Amino acid sequence: MTDFNIAPTKLRRPNPIARKDAGQENFPVASRLLPKHLRPHVLSFYRFVRLADDIADDPDLEPETKLAYLEALERTLTTGQARHAYLKPALELRSSLAATGVSDRHARQVLRAFRRDAVGARCHTWSDLLLYCRFSANPVGRYLLELHGEGTAAGPASDALCSALQVLNHLQDCREDWSTLGRCYVPLGWFEEAGISVERLVESKTDPKLRAIFDRLLDHTDKLLERAAPLPSLIRHRGLRMEAGVILSIAESLSRRLKAKDPMRKRVALGRTTSWRPWRGGWRGASEVNKLPGPRPQGSLMTRPLLDQAPPASAESPSAVAERSGSTFYWPMRLLPRSKRAAMFAIYAFCRRIDDIADEPGETAEKRAALDGWRREIRSLYAGGAPTSPLAAALKGAIDRYGLPRAELEALIDGMAMDVGDGLRGPALPTLRLYCRRVAGAVGMLAIRVFDRADAATESFALALGEALQLTNILRDLAEDAQLGRLYLPRELLDDAGIGSDDPAIVLTHPNLPQACEALAGLAEARFLEARRAIDSAAHRSRRGSLWAAVAMMVLYHRLLRRLRARGWTDLSRRVRVGRRESAWVALRCALGTPPAQ
């Protein structure tokens, strides 16, 4: 790969101009989400970078002329001396940096990338491309973080998002870059591995081999977006946090669109009918992120790979994980006070992360290793170690503030481990109850500490409710679990129904399946009744206010169970759910102290 430090030459044509403005970008520039007094500074940085980028991309300029222009920009930025009008953006940025106290290193790093562009160097590997993004894109995010007074914790996630945006932009423009400038940012080694020439980029249609290369690039980009997902939760400033959420949502939408469309036919972009959705989703998701108490994560995710040394970060920020999952869990937690809401979203995101490890395709040994990685992470947090991922940092905040017991977090991991390998198929009833205790009871035991009610009586309520919720989930997800080769209906109930197999395909088509399902539904009803009696007892009436979110979950899941029973067990393809509006209404009623009937 060409070196980034390229010597300048004499200037020949002192008249370059920027050919693109902020309104033409994929992402918002100095939007109204940012403070009014900072927007002019953001625009100054943007105009400088935009001009430098357009100089490097100008097809009418020779490489040595481009290098001379870029050198003049940097010289003006550092000295404040300019001979030509086109250098005005460098003077403006110099004044802006002096007024805000922000370092000029971000702008100078960007110039290093554009010098590389000026001579038409190419990327041969994915690592080469990431190195290019380190200078061409990542400094933009770092500038915004420094301008808003953010610390270093958000840096790695910001780098991942900026790199993802850069790669998506490269894929959007791959045909034009090659045809006009002779540049290819798609790793050239991938073309060699596919047995095709990079000249395929001049075609007007993507063939299967080229499509496979594009999909590979998008798969790598999606991994960057996974690492970028916690960014809003790591930013203190509300406006910047919301803008980060919007940009993240835009990147995710653009990635999906590039997977569905052919960038060789025409430039793939978010049209007017689709571009508002990322704003809505990103704004809403980021506005729900609240900073957890406790230390913020330090160190670089680039220098300490998550897959090798720590559990992966969640694919989304904790609040977004809950909302986008469509879970009944979301609205009761959404209406909690800030710190409690953040803690519960962190717990939920942790549950989803380790559940995904158990459910996603992969080798058993790899899944167990990933779960063991989380065990080590949890033990390290309780031993005073620094979090090594944003999700771990969110958990650390919840642990420190609410005294979450380590044993319950480890019980959750143990429960997910029961799903790894062959998983559960017709388990004995005691085994099923142990599974429920680990994957659901543990959540209840953690939640009541967040709700500030960790006494023996409330623990009994939490365990009864946790088992009721999990049994309801099992009945709701029979068909989905069967696709994973799992069957949670207990052996005793299958025997009572005359079903002698534990093969999910056989059990789910057996004529006596309704009998076994109704029996399990009866066990769930009994546990709901036990939880209801506990919360209605005189000893718990004073606690109902702080436990209203748990009461809301009890109401919603009991309704779900009754709807499952009303639907019956012969047509499992008919999905039964509680809608978002109903969930929000029940949560609000419970928060106000007037829970509706189950």
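Residues numbered from 1 in each chain as written. Predicted model: local features only at pLDDT ≥ 70, side-chain atom pairs only at ≥ 80, totals over all residues. Heavy atoms only, no water.

Undergrad: What exactly am I supposed to notice about the overall build of the protein here?
TA: Along its length, the protein carries 29 helices and 0 strands. By the burial criterion, 56% of the 598 residues in the protein qualify as buried. Contacts in the protein between residues far apart in sequence, at least 24 positions, make up 73% of those at least 6 positions apart. Of the roughly 25,500 Å² of accessible surface on the protein, a fraction of 49% belongs to carbon and sulfur atoms. (Helix = DSSP H or I, 4+ residues; strand = E, 2+ residues; numbered from the N terminus. Buried < 20%, exposed > 50% of the residue type's maximum accessible area, 1.4 Å probe, protein only. Contact = heavy atoms within 4.5 Å. Areas by Shrake-Rupley, 256 points an atom, 1.4 Å probe, with all protein chains shown as cover.)

Undergrad: Got a minute to help me understand the nonpolar core in this structure?
TA: The tendency in soluble globular proteins is for nonpolar side chains to be buried as a group. Formed by 93 residues in total, the largest nonpolar core has its most connected members in Phe350, Trp374, Leu412, Phe451, Phe461, Leu475 and Leu489. Core analysis: the next-biggest nonpolar cluster, separate from the first, contains 81 residues, Leu67, Leu70, Cys133 and Leu234 among them. (Core = buried A, V, L, I, M, F, W, Y, C linked by side-chain atoms within 4.5 Å.)

Undergrad: Can you walk me through the packing of helix H4 (residues 105-118) against helix H6 (residues 138-147) in this structure?
TA: Think of two packed helices as two axes; the pair is described by the angle between the axes and how far apart they sit. In the contact formed by H4 and H6, the axes pass within 9 Å of each other and the chain directions differ by 175°. Considering the angle they form, H4 stands roughly antiparallel to H6. Contact residues: H4 offers Arg105, His106, Gln109 and Val110, while H6 offers Pro139, Arg142, Tyr143 and Glu146. (Axes fitted to C-alpha atoms, helices over the stretch in contact; angles between N-to-C directions. Parallel < 35°, antiparallel > 145°, perpendicular 65-115°, else oblique.)

Undergrad: Whenever I open this one, H4 confuses me. Can you help?
TA: Each α-helix turn comprises 3.6 residues. Residues three or four places apart therefore point the same way. Its 14 residues give H4 an end-to-end C-alpha distance of 20 Å, which sits within 8% of 20 Å, the value for a rise of 1.5 Å per residue. Considered for burial, the residues of H4 that qualify are His106, Ala107, Val110, Leu111, Ala113, Phe114, Arg115, Arg116, Asp117 and Ala118. The secondary structure elements touched by the buried residues of H4 are helix H1 (39-57), helix H2 (63-79), helix H3 (88-100), helix H5 (126-136) and H6. A positive backbone phi angle near 70° is found at Gly120, which sits one or two residues after H4. (Expected span 1.5 Å × (residues − 1).)

Undergrad: Honestly, the packing of aromatic side chains in this entry has me stumped. Any pointers?
TA: In this description, a pair of aromatic rings is defined by centroid distance and the angle of the planes. A full pass over the atoms with the stated rule returns 6 aromatic pairs. Seen in terms of ring centroids, Tyr69 and Tyr86 are 5.4 Å apart; in terms of plane orientation they differ by 75°. Their pairing is edge-to-face. One end of the pair, Tyr69, is in helix H2; the other, Tyr86, is in the loop between H2 and H3, and 17 residues separate them in sequence. In terms of burial, Tyr69 and Tyr86 fall into one category: buried. (Phe/Tyr/Trp six-rings, centres within 6.5 Å; stacked < 30°, edge-to-face > 60°.)

Undergrad: I keep staring at the confidence of the model for the protein and nothing clicks. Help me out?
TA: Residues at a pLDDT of 70 or more form 82% of the protein, whose mean pLDDT is 81. By mean pLDDT, the top-scoring element of the protein is helix H24 (residues 491-496) (96), and the lowest-scoring one is helix H14 (residues 306-309) (27). Across residues 19-24, where pLDDT falls below 50, the model places 11 contacts with residues more than four positions away in sequence or in other chains. With pLDDT under 50 throughout, residues 272-326 is counted as low confidence; its partners more than four residues away or in other chains account for 135 contacts. (pLDDT = per-residue confidence, 0-100.)

Undergrad: So what exactly am I meant to see when it comes to the pattern of salt bridges here?
TA: Taken as a whole and judged by the stated rule, the model has 39 salt bridges. Two residues, Lys88 and Glu92, come together in a salt bridge whose shortest N-O distance is 3.9 Å. Placement of the pair is Lys88 and Glu92 together in helix H3, with a separation of 4 residues, close to one helical turn. We classify Lys88 as exposed; its relative accessible area is 51%. Note on Glu92: relative accessible area 27%, which makes it partly exposed. Asp372 is the partner of Arg375 in a salt bridge, and the nearest nitrogen-oxygen pair spans 2.6 Å. Taken together, the residues Arg375 and Asp372, both in helix H18 (residues 364-382) and 3 residues apart, mark about one turn of the helix. With a relative accessible area of 15%, Arg375 lands in the buried category. (Salt bridge = Lys/Arg side-chain N within 4 Å of Asp/Glu carboxyl O.)

Undergrad: In this structure, what is going on with the packing of helix H26 (residues 513-536) against helix H28 (residues 548-567)? I would like to understand it.
TA: Here H26 crosses H28 at 155°, and the two axes come no closer than 11 Å. Judged on the interaxial angle alone, H28 and H26 are roughly antiparallel. With respect to the hand of their crossing, H26 and H28 are arranged in left-handed fashion. Mapping the contact onto sequence places Glu518, Ala521, Ala524, Glu525, Phe528, Ala531, Arg532 and Ile535 in H26 and Val551, Met554, Val555, Tyr557, His558, Leu561, Arg562 and Arg565 in H28. (Left-handed = near helix turned anticlockwise from the far one by under 90°.)

Undergrad: Honestly, H2 in this entry has me stumped. Any pointers?
TA: With 17 residues, H2 should reach 24 Å at 1.5 Å per residue; the first-to-last C-alpha distance of 24 Å fits that figure. By the burial criterion, the buried members of H2 are Thr65, Lys66, Leu67, Ala68, Tyr69, Leu70, Ala72, Leu73, Glu74, Thr76 and Leu77.

Undergrad: Is there a simple way to explain the side chain of Thr76 in this structure?
TA: In this structure, Thr76 sits in helix H2. Taking the relative accessible area as the measure of exposure, Thr76 reaches 1% and is therefore buried. Looking at Thr76, its side chain comes within polar contact range of the main-chain oxygen of Gln81, at 3.1 Å. The residues touching Thr76, leaving out its near neighbours within four places in the chain, are Gln81, Ala82, Leu87, Ala90, Leu91 and Arg94. (Polar contact = N/O pair within 3.5 Å; in protein donor to acceptor, adjacent residues only side chain to side chain.)

Undergrad: Explanation requested: the environment of Ala244 in the structure shown.
TA: Checked against the element boundaries, Ala244 lands in helix H12 (residues 238-260). The exposure class assigned to Ala244 is buried, which follows from its relative accessible area of 7%. Through-space distance from the C-alpha of Ala244 to that of Ala228 is 9.6 Å; in sequence the pair is 16 residues apart. Residues contacting Ala244, with those up to four places away along its chain left out, are Leu161, Leu231, Pro232 and Ile235.

Undergrad: Where do I start with the side chain of Ser136 in this structure?
TA: Here Ser136 is to be found in helix H5. Residue Ser136 is classed as buried on the basis of its relative accessible area of 7%. Here Gln166 takes part through its side chain, which lies 2.8 Å from a polar atom of the side chain of Ser136. Apart from residues lying up to four places away in sequence, Ser136 is in contact with Val110, Ala113 and Gln166.

Undergrad: Please explain the environment of Gly423 as it appears in this structure.
TA: Note on placement: Gly423 falls in the loop between helix H20 (406-417) and helix H21 (429-450). Under the relative-accessibility criterion, Gly423 is labelled partly exposed at 23%. Taking C-alpha positions, Gly423 is 9.3 Å from Tyr488, a pair spaced 65 residues apart along the chain.

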